[in-house]
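Survey of secondary and tertiary structure
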Amino acid sequence: MNPQPSDHPGADTPGLDPAQLGVGDMDAETFRRHGHAVIEWIADYLDRVDDLPVRSRVTPGTVRGQLPAAPPEAPEPFEAAMADLDRVLLPGITHWNHPSFHGYFAISGSAPGILGEALIAALNVNGMLWRTSPSATELEEVVLDWLRQLLGMSEGWQGLLTDGASTSTMLALAGARERTDLDVRQRGLAGRSDLPLLRVYTSEQAHSSVEKAAIALGLGRDGVRTIGVDDAFRMRPKELAAAIEEDVRFGYRPIAIVATVGTTATTSVDPLPAIADVRDAAVAELGHPIWLHVDGAYGAALAACEEHRHILDGIERADSLVSNPHK
Ligand SMILES: Cc1ncc(COP(=O)(O)O)c(C=O)c1O
């Protein structure tokens, strides 16, 4: 038997939309009405965001203190939830969409992106396999191929979308770890006496995601050796070569180098061709692969401009690249 609205807690709440009382979702008409209100709210917000303080001025606990400590027994009308958004949540927002927000990177919440997010939510796509949503897989492939072309990279490159550069770098280093003959995917790292110490190299200006990836992948912070930079904050290839040589003498196994195209702090660009030379020489010497990953999260998209394409010189010798074009 279908539950009737009156069976539900909150049925007597004044102003409650009966459509919100069932076990299911809103009916299409209610959704349309509330949806229009949300779009109006967003449009007004984007229009007035520069009148709001860039950084939230609330003190710790202010937002939490205005929310119920226990889950509410009854639902609230949509209008009340929107009023809470203005009254409780908005003061606790740091406005990354503010034109004067210069704390980290420029905004990624473009108007087309916001509308796209709404459509994505409506479609509720799960793109884990082609057949779980062919359009998701094929659109992803096409969009990434457009990006490849924009960056002037050769046809052999393929890619995937992730939730961010940190995840991408972790996946790249998982690939590097897998490319060894150590069978970590199957046997793991813990408790094995047959493993050498594994080492990843990156510059002292690299993003913290490299270290985080090493932690998550079981290589540990000690598994990352940082290489010094020159007076333009670029990795020193000679220092890299010396570090690899020294590590090998002490029994480490180099498995990956992460070069950065556009470092977070200064936008410096590591010399990819010289780093690839060091990698190739080490591979020839050691007889096992060393993965070259390029963190272009911040800078790589600049290569879409013909006159800046040189920042990716040497990319064809790399094994992987991450780019966050919205940055
Ligand atoms: C060079 C570089 N790499 C990686 C990241 C991490 O990016 P995400 O936040 O997408 O994980 C950043 C972020 O600022 C970055 O500047």
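Keep in mind the model is a prediction, meaning the values are calculated, not measured. (Residues numbered from 1 in each chain as written. Predicted model: local features only at pLDDT ≥ 70, side-chain atom pairs only at ≥ 80, totals over all residues.)

So, on to the site of the ligand. Around the ligand there are 14 residues in total, and Gly164, Ala165, Ser166, His207 and Ala297 lie nearest to it. Tallied by class, the residues present in the shell around the ligand amount to four nonpolar, nine polar and one charged. (Near = placed C-beta within 6 Å. Nonpolar A, V, L, I, M, F, W, Y, C, P; charged D, E, K, R; others polar.)

One can describe the packing of helix α9 (residues 237–249) onto helix α10 (residues 272–286) by two numbers: an axis separation of 9 Å at closest approach and a directional angle of 20°. In this view, α9 runs roughly parallel relative to α10, as classed from their interaxial angle. Remark: the crossing between α9 and α10 carries right-handed chirality. Packed against α9, whose contacting residues are Pro237, Leu240, Ala241, Ile244 and Val248, the element α10 presents Ala274, Ile275, Val278, Ala282 and Leu286 at the interface. (Axes fitted to C-alpha atoms, helices over the stretch in contact; angles between N-to-C directions. Helix = DSSP H or I, 4+ residues; strand = E, 2+ residues; numbered from the N terminus. Parallel < 35°, antiparallel > 145°, perpendicular 65-115°, else oblique. Left-handed = near helix turned anticlockwise from the far one by under 90°. Contact = placed C-beta atoms within 7 Å.)

With that settled, consider the nonpolar core. Core analysis: the largest hydrophobic core is formed by 49 residues, its most contacted members being Leu173, Val200, Leu240, Ala256, Ile257, Ala259 and Ile275. With near-sequence residues (within four places) excluded, Leu240 lies in contact with Tyr201, Ile227, Met235, Ile257, Ile275 and Val278. (Core = buried A, V, L, I, M, F, W, Y, C linked by C-beta atoms within 7 Å. Buried ≥ 20, exposed ≤ 12 C-beta atoms within 10 Å, placed from the backbone.)

Of note, Leu144 is situated in helix α5 (residues 134–150). Take Leu144: there are 16 C-beta atoms within 10 Å of it, and that puts it in the partly exposed class. Considered as a pair, Leu144 and Gln158 are 14 residues apart in the sequence and their alpha carbons are 7.3 Å apart.

Spanning twelve residues, helix α3 (residues 78–89) covers 15 Å between terminal C-alpha atoms, matching the ideal 16 Å at 1.5 Å per step. The buried fraction of α3 is low, at zero of twelve residues. (Expected span 1.5 Å × (residues − 1).)

The domain boundaries assigned to the chain delineate domain 1 (5–117) and domain 2 (162–323). Taking the mean C-alpha position of each, domain 1 and domain 2 sit 42 Å from one another. (Domains from an automatic or database assignment.)

To continue, consider helix α8 (residues 208–216). Listing the buried residues of α8 in full gives Ser209, Val210, Ala213 and Ala214. Down the axis of α8, the sector holding all buried residues measures 145°, keeping them to one side. Residues of α8 that are buried make contact with α6 (165–179), β1 (197–203), β2 (224–227) and β3 (252–260). Looking one or two residues past α8, Gly218 carries a phi angle of roughly 80°, positive in sign. (Arc of directions from axis to C-beta.)

This part is about the confidence of the model for the chain. On average, the chain scores 92 in pLDDT, and the residues at 70 or more come to 92%. Across residues 1–10, confidence stays below pLDDT 50; counting only partners more than four residues off in sequence or on other chains, it has 15 contacts. (pLDDT = per-residue confidence, 0-100.)

The next subject is the packing of α6 against α8. Closest axis-to-axis distance for the α6/α8 pair is 9 Å, and the angle between their directions is 50°. Here α8 runs oblique to α6, going by the angle between their axes. The two elements α6 and α8 meet at a crossing, and its hand is right-handed. Side by side, α6 and α8 meet where Ala165, Ser166, Thr169, Met170 and Leu173 of the first sit next to Ser209, Val210, Lys212, Ala213, Ala214 and Ala216 of the second. Residues belonging to the contact of α6 with α8 are distributed by class as follows: seven nonpolar, three polar and one charged.

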